[in-house]
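Each chain is listed here by its residues.
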Amino acid sequence: MLVKRLQPMISHARRSYVELMFQVMGRALQAISEVDEQTRNETRALPEGFLFEMQVMPNGPKLIVEHTGDGKLHFHGDSAPRPVDLSIQFKHMAHAFLVLSFQEKTSVAFANDRMLVDGDVSYAVRMTRVLNRLESFILPKLVAQRAVKEYPANLHLPEKLISGARIYLKVATNFVETVRA
């Protein structure tokens, strides 16, 4: 009986968490493309104007980023200026919550058929590598190891701390600028 009464609150909390994480991830994707050369090298292979979306099906929260050229990404929030080129979609809010709360690796979610890719799979692999690199920088190592398929062996503490701090500073700055606008 208590579980039935709590279920709507739990569902609302999960949705709010996923919405917040998409806001942070979108801004962090933009930030990492500004501070990390390896990420820019990865995203330079995307066509200029390429739009990437990650969302919860069917009409759940989403994030949209655009490759603006030279490996830089721009966060568009949850509205695309035109049709997206690649969409990675969680089939259910609970699946998104598992991945975004770092209880399940993205690769495991794909393997368990919890996500769909609509678009070029090679671009999806590329964007997954960017997301993994981002998580490796901004999450504590123990959490990142649970979140990514393989934690980078060449990511040492000084680089992780400096890059992570730069990413978080840019994310915070972007949030403040958005509030002011």
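Residue indices follow the written sequence of each chain, beginning from 1 at its first position. At least 70 in pLDDT is required for a residue's local features to be given in this predicted model, at least 80 for side-chain atom pairs to be given and counted, and no such filter applies to totals for whole chains, interfaces and linings, which use all residues. Side-chain metrics rest on all non-hydrogen atoms present in the structure, leaving aside hydrogens and water.

Caption draft 1: Structural view of the packing of aromatic side chains. Think of it this way: a Phe, Tyr or Trp ring, Trp meaning its six-membered ring, pairs with another when their centres are within 6.5 Å, and the plane angle makes it stacked under 30 degrees, edge-to-face over 60, tilted otherwise. This model, assessed by the stated rule, comprises two aromatic pairs. Ring geometry for Y17 and F97: centres 5.4 Å apart, planes at 70°, overall edge-to-face. On the criterion of sequence distance, the pair formed by Y17 in helix 1 (residues 2-35) and F97 in helix 3 (residues 93-100) is long-range, its members being 80 residues apart. On the basis of relative accessibility, which here comes to 26%, the residue Y17 falls in the partly exposed class. Taking the centre distance of 5.0 Å and the plane angle of 70° together, the rings of F50 and Y123 count as edge-to-face. The helix and strand labels rest on DSSP assignments: H or I over at least four residues marks a helix, E over at least two residues marks a strand, and numbering proceeds from the N terminus. The rule is simple: take the accessible area with a 1.4 Å probe, protein chains only, and divide by the maximum for that residue type; under 20% is buried, over 50% is exposed, in between is partly exposed.

Caption draft 2: Structural context of the pairing of strand 1 (residues 51-56). Within strand 1, six of the six residues are buried, which leaves the element mostly enclosed by the surrounding structure. Of the two faces of strand 1, the one carrying L51, E53 and Q55 and the one carrying F52, M54 and V56 are both buried. What makes two strands pair is DSSP finding at least two bridges between them. Note that strand 1 and strand 2 (residues 62-69) share five bridges and pair antiparallel. Opposite M54, over in strand 2, you have L63 as the bridge partner. Here five bridges tie strand 1 to strand 4 (residues 86-90), and the two strands are oriented parallel to one another. Residue pairing in the sheet places V56 in a bridge with F90 of strand 4.

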